Amino acid sequence: MEEQTPNDNVPQETKAPEAKATPRSKLLAGALMAVALVVGLYYVNRYWIAPAVKAQNKGDESHPLAPTFSLTDITGKPLNLSDYKGKVVVLDFWATWCGPCRIEIPGFIELQKRYASQGFTMIGISLDESPEPVVAFYKELQMNYPVAIGNDRLGELYGGMPGLPTTFVIGRDGRVYAKHIGATDPHVFEEEIRELLAASPEAEAKTFHQAGVVFADDKVELGNPAEIDSEVPGIDLTKLTAEQKEGYKKLLQSKVCTCGCNFTLLKCRQVDRRCTLSRKLAQEQLDAFLKTKPPGATSK
Amino acid sequence: MRKILQGLVLTLMAAHLGWAQKSNPVVEAHAVMATDAAHANSPVKIAVVAQVAAGYHINDHKPTLDYLIPTDLKLEHSDQFSVIKVVFPKGTPKKFTFSDVPLSVYEGSLVVGALLQAGKSVPAGTYTVKGKFAYQACNDHACLAPTSVPLTLMIKVVPKNVPLKPVESNVFQRIKFE
């Protein structure tokens, strides 16, 4: 059997010279395909990825109430989240040492200009260690919205800050509707602000849908105040009796933390709330402790 | 077209990568000596070998912009050893979406050298030198809080008549102490 070459069955007349793609038409086709791909990715995210992430958020925890806070802003004015009830708030956790945070600020200034009169405000919570660089940056960029210096506890109430910027979008009803980790296009916030401005301040905006590319880490998971305000930060002791609490704390005092801090487990928890190893070890100790002394057990 | 596709996929992957790794340390570091032991009244070369996780960078010891937090090596005071100098490598200039200018950063593996001086009358024995490798890491989209890796190095001081053997030569080749 004779092998055919690829062109054996192709009549020569079909190879018309005008059928050849020019570099210009190739470029145009490439550009059109790129645009189609971007549009396709947008819709895949909007109707497939985002709803899948949102599906994990269903139930009462879907749009949890934003933890309230009372701080003093860098101009000396009180800054209470509860004062903004009825407004849409974009709450931005950021720092001056964070390049991706800084690049977002002009967009936030613009959003404040555009929507402040419609019931919106930006709030900045800086996680800088001192106010000086924040004040300098605030003045340099002529920031037009309140900025306060935050703290670890506030960050934990909002579910911890694995990375900055981390920005929350809060509705008129005081619920957290969206969370964005990392520098985000201002149009994403604008889309969400518009949607929430149109929503009722009385009821949860159940049809709200997070704009932009949504990742699993964008799921809104707030911190547990029982763990955050615990005598052993990060560990919920509310089910323990006073006697058990003391016993557990003594146990942690007798254990050395292996994170490299050279403290006991108790001290490491108290001085370094961000230490994930001491938290894990302290929880393991609690689980073991409760096996020997279950909640409610009292010594005679 | 393939390049456009690759770019898009890499961008999406990079965004995911950053937070997929958040539970793992972004920087791992340990300290080593240039010799198996040290002599009293002699210089002691040590190095900190650090590995920055893929997708992340940490700032140069001399950052490009004022607001960036420099990478630093902080050695605790010791009665037996004094710090003569610390030598940082030169960073690599890299352009990021959040900066108009390329930033000098460290990525991947880096080695920081430290030249110590053992005290004149340090008796033979084993001593601990402690320190911290301090850094602030970012990827192209977000930053992590400044933090540090605790370091502990055991230095064995031996009598002058005991010869010292070079170790970790591949590490110390990367440092210019002069």
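Residues numbered from 1 in each chain as written. Chains lettered and ligands numbered in written order. Predicted model: local features only at pLDDT ≥ 70, side-chain atom pairs only at ≥ 80, totals over all residues.

Draft legend 1. Main features of the overall build of chain B. A count of helical and extended segments in chain B gives two helices and eleven strands. Counted from the first residue to the last, chain B has its helices and strands arranged as α-β-β-β-β-β-β-β-β-β-β-β-α. Across the 178 residues of chain B, 33% fall into the buried class. By sequence separation, contacts in chain B at least 24 residues apart represent 76% of the contacts at least 6 residues apart. (Helix = DSSP H or I, 4+ residues; strand = E, 2+ residues; numbered from the N terminus. Buried ≥ 20, exposed ≤ 12 C-beta atoms within 10 Å, placed from the backbone. Contact = placed C-beta atoms within 7 Å.)

Draft legend 2. Seen up close, helix α5 (residues 186-197) of chain A. Residue and element names in this part refer to chain A. Between its first and last C-alpha atoms α5 spans 16 Å; for twelve residues at 1.5 Å apiece the expected length is 16 Å, and the two agree. Every buried residue of α5 is listed here: Phe189, Glu192, Ile193, Glu195 and Leu196. Along the long axis of α5, the arc covered by the buried residues comes to 165°, so they all point the same way. As for α5, its buried residues are in contact with β3 (88-94), α2 (99-115), β4 (120-126), β6 (166-170) and β7 (176-181). (Expected span 1.5 Å × (residues − 1). Arc of directions from axis to C-beta.)

Draft legend 3. How the structure looks around the sheet that holds strand β5 (residues 147-149) of chain A. All names here are of chain A. Read from one edge to the other, the open sheet built from five strands follows the order β5-β4-β3-β6-β7, with strand pairing classed as mixed. Looking along the sheet, the strands with just one partner apiece sit at the ends: β5 and β7. Across the sheet, the mean angle separating the axes of adjacent strands is 20° when strand polarity is ignored. (Pairing = 2+ DSSP bridges. Axes fitted to C-alpha atoms, helices over the stretch in contact; angles between N-to-C directions.)

Draft legend 4. Here's a closer look at the nonpolar core. Formed by 87 residues in total, the largest nonpolar core has its most connected members in Leu164 and Ile170 of chain A together with Val48 and Ala137 of chain B. With near-sequence residues (within four places) excluded, alanine 137 of chain B lies in contact with Val26, Val27, Val52, Tyr56, His57, Ile58, Cys143 and Leu144 of chain B. Counting twelve residues, the second-largest nonpolar core is a separate cluster that includes Val232, Leu281, Ala282 and Leu286 of chain A. (Core = buried A, V, L, I, M, F, W, Y, C linked by C-beta atoms within 7 Å.)

Draft legend 5. Broad picture of the interface of chain B and chain A. Chain B puts 22 residues into the contact, and the matching count from chain A is 23 residues. In terms of residues, the side of chain B that touches chain A owes the most to one element, helix α1 (residues 2-20) of chain B, which gives six residues. Residues that form the side of chain B that touches chain A fall into these classes: 16 nonpolar, five polar and one charged. (Nonpolar A, V, L, I, M, F, W, Y, C, P; charged D, E, K, R; others polar.)

Draft legend 6. Structural context of helix α3 (residues 132-141) of chain A. Residues and elements named next belong to chain A. Within α3, the full set of buried residues consists of Val134, Phe137 and Tyr138. Looking down the long axis of α3, one finds its buried residues gathered within 105° of arc, a one-sided arrangement. Along α3, exposed side chains directed more than 90 degrees from the buried face belong to Glu132, Ala136, Lys139 and Glu140. The first or second residue beyond α3 is glutamine 142, which carries a positive phi of 50°.

Draft legend 7. Quick look at the confidence of the model for chain A. Of the residues in chain A, 81% have a pLDDT of 70 or more, and the chain-wide mean is 84. For the stretch residues 51-60 of chain A, pLDDT sits under 50, and the model shows eight contacts to residues farther than four places along the chain or on other chains. (pLDDT = per-residue confidence, 0-100.)

Draft legend 8. Inspection of the pairing of strand β4 (residues 72-75) of chain B at higher detail. Residues and elements named next belong to chain B. Judged by which residues are buried, β4 turns out to be one-sided: Leu73 and Leu75 face inward and are buried, whereas Asp72 and Lys74, on the alternate face, are not. The pairing of β4 with strand β9 (residues 125-135) spans four bridges and is antiparallel. The partner of leucine 73 across the bridge, within β9, is phenylalanine 133.

Draft legend 9. The sheet that holds strand β2 (residues 43-52) of chain B, seen in detail. Residue and element names in this part refer to chain B. The strand order across the open sheet built from four strands is β1-β2-β8-β5, with neighbouring strands paired in antiparallel fashion. Pairing within the sheet leaves two strands with one partner each, and these edge strands are β1 (27-33) and β5 (81-87). Mean inter-strand twist for the sheet, computed between neighbouring axes without regard to direction, equals 25°. Two strands pair when backbone bridges link them, and β5 and strand β8 (residues 109-118) are joined in this way by six bridges, in the antiparallel orientation. Within the sheet, the bridge partner assigned to valine 86 lies in β8 and is alanine 114.

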